[in-house]
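# What the coordinates show
Okay, here's what each chain looks like letter by letter:
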There are 2 protein chains.
Amino acid sequence: MLASIISAGMSKIGKREGLGSRELFVEAFLECMEKVPNLNRREIGSIYVGSQSETYEHQIMYGNLIAEAAGLLPKPAIRVEGCAAAGAIALRSAVIDVMSGLHDIVLAAGVEKMTAQSVENVTDALMAASEPTLEQASGLTFPSIYAMMAVDHMNRYGSTIEDLAKVAVKNHYNGSLNPKAHLQKQITIEDVLNSKVVAWPLKLYDCSPISDGAAVAIVVRPEIARKYTDCPVQILGMGCATDTLGLYCRKDISWPNAAAIACMDSYKMAGIEASRINLAEVHDAFTINEILLYEAAGFSERGRGHLLIRDDETSLNGKISINPSGGLKARGHPTGATGLAQVYEVFLQMRGEAGGRRQVNKLDYALTLNEGGSDAVVVSHVFGRS
Amino acid sequence: MLASIISAGMSKIGKREGLGSRELFVEAFLECMEKVPNLNRREIGSIYVGSQSETYEHQIMYGNLIAEAAGLLPKPAIRVEGCAAAGAIALRSAVIDVMSGLHDIVLAAGVEKMTAQSVENVTDALMAASEPTLEQASGLTFPSIYAMMAVDHMNRYGSTIEDLAKVAVKNHYNGSLNPKAHLQKQITIEDVLNSKVVAWPLKLYDCSPISDGAAVAIVVRPEIARKYTDCPVQILGMGCATDTLGLYCRKDISWPNAAAIACMDSYKMAGIEASRINLAEVHDAFTINEILLYEAAGFSERGRGHLLIRDDETSLNGKISINPSGGLKARGHPTGATGLAQVYEVFLQMRGEAGGRRQVNKLDYALTLNEGGSDAVVVSHVFGRS
């Protein structure tokens, strides 16, 4: 056991008009603090925050803004960045800080305010996470990068546009059960197939939305966790790995190598096999993304990820419940917050607090898998109860 | 002892035309690796890099670019950001990683490519580190923020424009002895006083230049340091503290409270008093900055920092040698790299490798003090030999 999560909070995700990421952070932080009445916030020893705020809000030094908003000045507060993986990087940094013995109680936060920008500005900002000399310069966008991965997978392994669509349908269904999700409406395979083509084979409903949101978690030394809660969620393993930013440098564009390494490392640290995972929140920025991560996480063999969704194995209370929150696809994708939004869902599910039909029945181990760039930096965490 | 530095490297600092920050990183990394022939680079377990690259190079995910450039994929590689403190944050993150037991050998890097942008763009990019609702919006710039601090200090404590000028003269002299410094020419008090007013009382020569550069250090568990070098430099203490981004929120604008806390914490961790420090590299983005940090670091009483420079106590081999590298003022100020450029100078000086007249004679303990924003986040490290 590396560290314990004693509380977590998340803002409503969506188009949060009139609210900046500081206000969204406060919304998440207050929920988080309410769950641990025994915790005096001055006990929090340091803060890590993930965001890409410079490009959306002309603001860097987000550590300071968060520390100030939380009433935690002059505590150490550091911003970490790995584009859409920044939230999980904040959690990882908090865990490492606790493991170092420097602080007993550390706050991990992720924030993003994206919807005040035009779609063109967001697309441009996101492309700063891609390879500069050829791919940014040639006008590639993330939908077109993932479209190439999808075409490769379809050609080599026989996945279909219907398989992709089914990922969206599943995650929209889950999102319809999540009161904090950005998109809470159910959709059909036909809705996906008939939606506007963004970059073939990806259509509008194959892509996650542009969202505002914030999520936080409080990480502590395992020895002190029960001072604050009867139900800590334990972090048993973690992994982080990198790949080339440029897709053109990779041997196999539809094999997310960094994700595979990160998962392997986190299972090893946790002392479990992939088959023990009952629930996973994985990075479905695009529908193909989720299918590729089934394979990288070892939930299916290589080249057979699409069969899991085709056979309904990853639905709520299927063989393995994947993205019960609705995933990036329906819960929403405020980049810097996403990694911690995944952790928030695991925290609720592990404590039996997800509510109603969204609550997964059998849950021993959970995985979060958060990516930055096109599988360029991947951070994974394995959670359990003890 | 928290961790050991076994090697360090730094690019030439300056206007490095035709070179991006990746190339500058490689220049620093190759120097660093040459000093530890027993180290196989594959032994490096993880990487932290400080930069503000999104605003200067339309590039985020700098962890990946550095890992790729160093041949270290798929190792974990994370970007940290705290504007001009990002370099020291990278070092701090590396030390915490080593302390956690996760990795034995960690690379800390800082990079910045600023001179490809116009002065207006750089000014705008830097202001992203300031308070958004009032100070960014009202058109304040960092020179005008530090000018207000200077006026307050002059009014209350009697410091003069000649005292400020003397900081520039000292640091330019030191820079003239440093073959890697951006500005290697000596200047006079008159040169400073006659230079163009930027924001009174700060004139052009009171301000650090806009620079390109990179610096790196390799941090290891103390137990294994001597496998790689006979002269490791030991990290004995560290501190990090935050203050409001907005100057308007502070009780005393010429008291750098975060710096004072960070120093106090790092001295306490190292088990020494301020009086034991023989050499310090402190954040002289503006001349007044250095004087305020004399006070925060405990080298003078509060309100008396200007007397140290007036009495030549901080010159090379004075009572305490401050900014022997030339400081931000003359060595240069590539924002994300500056914190590690300070560490590079300490590494050379501690090992007796600074060369010629720049080498400080008596050196038991050294301090680095790196700021982001206007003293909004401050990171300090105390170094010794054992």
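Before reading further, recall that the structure is shown in the block above.
Here's what I pulled together on the structure shown here. These figures come from a predicted structure and were not determined experimentally. (Residues numbered from 1 in each chain as written. Chains lettered and ligands numbered in written order. Predicted model: local features only at pLDDT ≥ 70, side-chain atom pairs only at ≥ 80, totals over all residues. Heavy atoms only, no water.)

### Here we look at the overall build of chain A
- Tallying secondary structure elements over chain A gives 14 helices and 12 strands in all.
- Whereas a compact globule of 386 residues would reach a radius of gyration of roughly 21 Å, chain A reaches 19 Å, a difference of no more than 12%.
- Referenced to the eigenvectors of the C-alpha coordinate spread, the extents of chain A come out at roughly 55 × 45 × 35 Å.
- Expressed as a percentage of the 386 residues in chain A, the buried residues total 68%.
- Nonlocal contacts in chain A, meaning residues at least 24 apart in sequence, comprise 77% of its contacts between residues at least 6 apart.
- When the accessible surface of chain A is summed, it comes to about 12000 Å², and 51% of that surface belongs to carbon and sulfur atoms. (Helix = DSSP H or I, 4+ residues; strand = E, 2+ residues; numbered from the N terminus. Rg over C-alpha atoms; globule rule 2.2 N^0.38 Å. Buried < 20%, exposed > 50% of the residue type's maximum accessible area, 1.4 Å probe, protein only. Contact = heavy atoms within 4.5 Å. Areas by Shrake-Rupley, 256 points an atom, 1.4 Å probe, with all protein chains shown as cover.)

### Digging into the interface of chain A and chain B
- On the side of chain B, 54 residues touch chain A, which itself brings 54 residues to the contact.
- A per-residue breakdown of the area chain A buries against chain B is headed by His58, Met61 and Thr242 of chain A, which together make up 15% of the total.
- Joining chain A to chain B, the criterion identifies 2 salt bridges.
- With a closest N to O distance of 2.8 Å, Glu81 of chain B and Arg79 of chain A form a salt bridge.
- Counting across the interface, chain A meets chain B through 24 residue pairs in polar contact (both at pLDDT 80 or more). (Buried area = accessible area lost by both parts, 1.4 Å probe. Salt bridge = Lys/Arg side-chain N within 4 Å of Asp/Glu carboxyl O. Polar contact = N/O pair within 3.5 Å; in protein donor to acceptor, adjacent residues only side chain to side chain.)

### Things to note about the pattern of salt bridges
- Overall, the coordinates contain 40 salt bridges over all chains when judged by the stated rule.
- A salt bridge links Arg16 of chain B to Glu27 of chain B; the nearest nitrogen and oxygen atoms lie 2.9 Å apart. With a gap of 11 residues between them, Arg16 of chain B in the loop between β1 (3–10) and α1 (21–34) and Glu27 of chain B in helix α1 connect regions that are remote in the sequence.
- Classification of Arg16 of chain B as buried rests on a relative accessible area of 16%.
- On the basis of relative accessibility, which here comes to 30%, the residue Glu27 of chain B falls in the partly exposed class.
- The partner of Arg351 of chain B in a salt bridge is Glu353 of chain B, with the nearest N and O atoms 3.2 Å apart.
- Its relative accessible area of 35% is what places Glu353 of chain B among the partly exposed residues.
- One network of salt bridges, with partners in common, ties together Asp152, Arg156, Asp252 and Arg302 of chain A.

### Things to note about the state of the cysteines
All names here are of chain B.
- Tallied over the full model, the rule gives 0 disulfides over all chains.
- Left unpaired, Cys231 is separated from the closest cysteine sulfur, that of Cys32, by 15 Å.
- Not part of a disulfide, Cys249 finds its nearest cysteine sulfur in Cys83, a span of 18 Å.
- Note on Cys249: relative accessible area 34%, which makes it partly exposed. (Disulfide = S-S within 2.5 Å.)

### Thoughts on the packing of helix α8 (residues 161–176) of chain A against helix α11 (residues 287–296) of chain A
Residue and element names in this part refer to chain A.
- Across the interface, α8 lies against α11 with an axial gap of 8 Å and an inter-helix angle of 95 degrees. The angle between α8 and α11 falls in the class roughly perpendicular. The segment α8 lies against α11, with Asp163, Leu164, Val167, Ala168, Lys170 and Asn171 engaging Thr287, Ile288, Glu290, Ile291 and Tyr294. (Axes fitted to C-alpha atoms, helices over the stretch in contact; angles between N-to-C directions. Parallel < 35°, antiparallel > 145°, perpendicular 65-115°, else oblique.)

### Structural notes on the relation of the copies chain A and chain B
- Superposition of chain A onto chain B requires a rotation of 180 degrees combined with a translation of 0.0 Å along the rotation axis, giving an RMSD of 0.0 Å. This pairing of chains is accounted for by a two-fold axis. Taking C-alpha positions as the reference, the residue of chain A nearest the rotation axis is Ser100 of chain A, at 1.8 Å. (Least-squares fit on C-alpha atoms with pLDDT ≥ 70 in both.)

### As for the side chain of His333 of chain B
All names here are of chain B.
- Along the polypeptide, His333 turns up in the loop between α13 (327–330) and α14 (335–350).
- Looking at His333, its side chain comes within polar contact range of the side chain of Thr338, at 2.6 Å.
- When neighbours within four sequence positions are excluded, His333 is seen to be in contact with Ala84, Met114, Ser208, Pro209, Ser211, His283, Ala285, Leu328 and Thr338.

### A look at the pairing of strand β12 (residues 377–384) of chain A
Residues and elements named next belong to chain A.
- Where burial is concerned, most of β12 is hidden: 8 out of the 8 residues are buried.
- Both faces of β12 are covered, namely the face carrying Val377, Val379, His381 and Phe383 and the face carrying Val378, Ser380, Val382 and Gly384.
- Bridge count between strand β8 (residues 233–242) and β12: 8 bridges; the pairing is antiparallel. The residue bridging Gly239 from the neighbouring strand is Ser380, located in β12.
- The loop that links strand β11 (residues 365–372) with its antiparallel partner β12 comprises 4 residues; one of these, Gly373, has a positive phi angle of about 65 degrees. (Pairing = 2+ DSSP bridges.)

### Focus: the packing of aromatic side chains
- Applying the stated criterion to the full structure yields 4 aromatic pairs over all chains.
- In this structure, Arg302 of chain A is placed above the aromatic ring of Trp255 of chain A, and the distance from its NZ or CZ to the ring centre is 4.2 Å. (Phe/Tyr/Trp six-rings, centres within 6.5 Å; stacked < 30°, edge-to-face > 60°. Lys NZ or Arg CZ within 6 Å of the ring centre and 35° of its normal.)

### Some remarks on empty space enclosed by the protein
- Tallied over the entire structure, the rule returns 4 cavities of 30 Å³ or more.
- Tyr48, Ile78, Val80, Ser93 and Ile96 of chain A together with Tyr48, Ile78, Val80, Ser93, Ile96 and Asp97 of chain B are the residues that line the largest cavity.
- When contributions to the lining of the largest cavity are tallied by element, the ones reaching two or more residues are β3 (77–81) and α4 (86–100) of chain A together with β3 (77–81) and α4 (86–100) of chain B.
- Across the lining of the largest cavity, the residue classes tally to 8 nonpolar, 2 polar and 1 charged. (1 Å grid on protein atoms, 1.4 Å probe; cavity = no way out; pocket = protein on both sides within 12 Å on 5 of 7 lines; lining within 4 Å. Points joined across faces, edges and corners; volume = space filled by probe spheres on them. Nonpolar A, V, L, I, M, F, W, Y, C, P; charged D, E, K, R; others polar.)

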